[in-house]
Amino acid sequence: QVQLVESGGGLVQPGGSLRLSCAASGNFFAINSMGWYRQAPGKQRELVAITVTHGLTTYADSVKGRFTISRDNAKNTAYLQMNSLKPEDAAVYYCNAHITRSDSVPANYWGQGTQVTVSS
C-alpha cells in the first residue's frame, strides 16, 4: 500500500510564503514523478508543478517565478515552496505521485489535500 502524506498548508497574508511537503511511504519500486495540483471552490483541479526523474520540472504559467518544486529522493518527499502568494493562489493543494509499485505495476496516487488560504 502506498500513501502520500501532505503538510504545510495554512493561512498566509498576500505576499507571504508557505512550503508544502509530500512524503510517500509504503512498498514501491520507484517514484516516477511527483507533483502538486490545486482546486479552488467551483473550479477544476489544475496542475501547479511537477517534477519527474532526472529533475525535470514543469510549472503552470500562473506560478512561474514564484513557486519552486523540489524533491528529496532519499526521503521520498516532494516540496513546493510558494513565495509572493496571491489571493488567487488560495485552494486545496493535492500532492500527486506516479509510482511503480513493488509488483512492477505503475499507479497514480493522491494525497488527502492541504488547504492554503491567502488573505489579509
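Since we're looking at a predicted model, the values are computed, not measured.

Trainee: Kindly report on the side chain of Ser21, identifying the contributing residues and their values.
Mentor: Checked against the element boundaries, Ser21 lands in strand β3 (residues 18–26). Exposure remark for Ser21: the relative accessible area of 16% places this residue in the buried category.

Trainee: Run through the environment of Val105, naming residues and quoting values.
Mentor: For Val105, the location among the structural elements is in the loop between β9 (91–101) and β10 (106–110). We classify Val105 as partly exposed; its relative accessible area is 34%. With 77 residues separating them in the primary sequence, Val105 and Phe28 have C-alpha atoms 9.2 Å apart. Discounting chain neighbours no more than four positions away, the residues touching Val105 are Ile99 and Thr100.

Trainee: Describe the state of the cysteines, and please don't skip the residues or the numbers.
Mentor: Under the definition given, this model contains 1 disulfide. Here Cys22 pairs with Cys95 through a disulfide, and the sulfurs are 2.0 Å apart. On the sign convention where negative means left-handed, the S-S torsion of about -80 degrees between Cys22 and Cys95 marks this disulfide as left-handed. In this pair, Cys22 is assigned in strand β3 and Cys95 in strand β9, connecting sequence segments 73 residues apart. The burial state of Cys22 is the same as that of Cys95; both residues are buried.

Trainee: Quick one: what's the story with unusual backbone geometry, residue by residue and with numbers?
Mentor: Outside of glycine, negative phi angles account for most residues, and trans bonds account for most peptide bonds. With a phi close to 50 degrees, Asn76 is a non-glycine residue in the positive phi region. Checked against the element boundaries, Asn76 lands in the loop between β7 (67–72) and β8 (77–82). For Asn76, a relative accessible area of 26% gives the class partly exposed. Phi angles above zero are rare outside glycine, and Ser84 is one such case at about 50 degrees.

Trainee: Explain the pattern of salt bridges to me, and be specific about the residues and the numbers.
Mentor: Under the counting rule described, the total for this entry stands at 5 salt bridges. In this structure, Arg38 and Glu46 form a salt bridge, with 2.7 Å as the shortest nitrogen-oxygen distance. Among the residues examined, Arg38 registers a relative accessible area of 6% and is labelled buried. Here the salt bridges do not stand alone but share partners, grouping Arg38, Glu46, Arg66 and Asp89 into one network.

Trainee: Give me the sheet that holds β7: which residues, what numbers.
Mentor: A sheet is described by the order of its strands in space; here 4 strands give the open sequence β1-β3-β8-β7, paired in antiparallel fashion. The open sheet terminates on both sides in strands that have one partner only, identified here as β1 (2–7) and β7. Along the sheet, successive strands turn relative to each other by an average axial angle of 15 degrees, direction set aside. The pairing of β7 with β8 spans 6 bridges and is antiparallel. Residue pairing in the sheet places Asp72 in a bridge with Thr77 of β8.

Trainee: Quick one: what's the story with the packing of aromatic side chains, residue by residue and with numbers?
Mentor: Scanning all chains against the criterion turns up 1 aromatic pair. Residues Tyr37 and Trp110 carry aromatic rings whose centres are separated by 5.0 Å and whose planes lie at 65 degrees to one another, so their mutual orientation is edge-to-face. Remark: Trp110 occurs in strand β10 and Tyr37 occurs in strand β4 (residues 28–39); sequence separation between them is 73 residues. Stacked on the ring of Tyr94, the Lys or Arg Arg45 has its end atom at 3.7 Å from the ring centre.

Calculation notes
Residues numbered from 1 in each chain as written. Predicted model: local features only at pLDDT ≥ 70, side-chain atom pairs only at ≥ 80, totals over all residues. Heavy atoms only, no water. Helix = DSSP H or I, 4+ residues; strand = E, 2+ residues; numbered from the N terminus. Buried < 20%, exposed > 50% of the residue type's maximum accessible area, 1.4 Å probe, protein only. Contact = heavy atoms within 4.5 Å. Disulfide = S-S within 2.5 Å. Salt bridge = Lys/Arg side-chain N within 4 Å of Asp/Glu carboxyl O. Pairing = 2+ DSSP bridges. Axes fitted to C-alpha atoms, helices over the stretch in contact; angles between N-to-C directions. Phe/Tyr/Trp six-rings, centres within 6.5 Å; stacked < 30°, edge-to-face > 60°. Lys NZ or Arg CZ within 6 Å of the ring centre and 35° of its normal.

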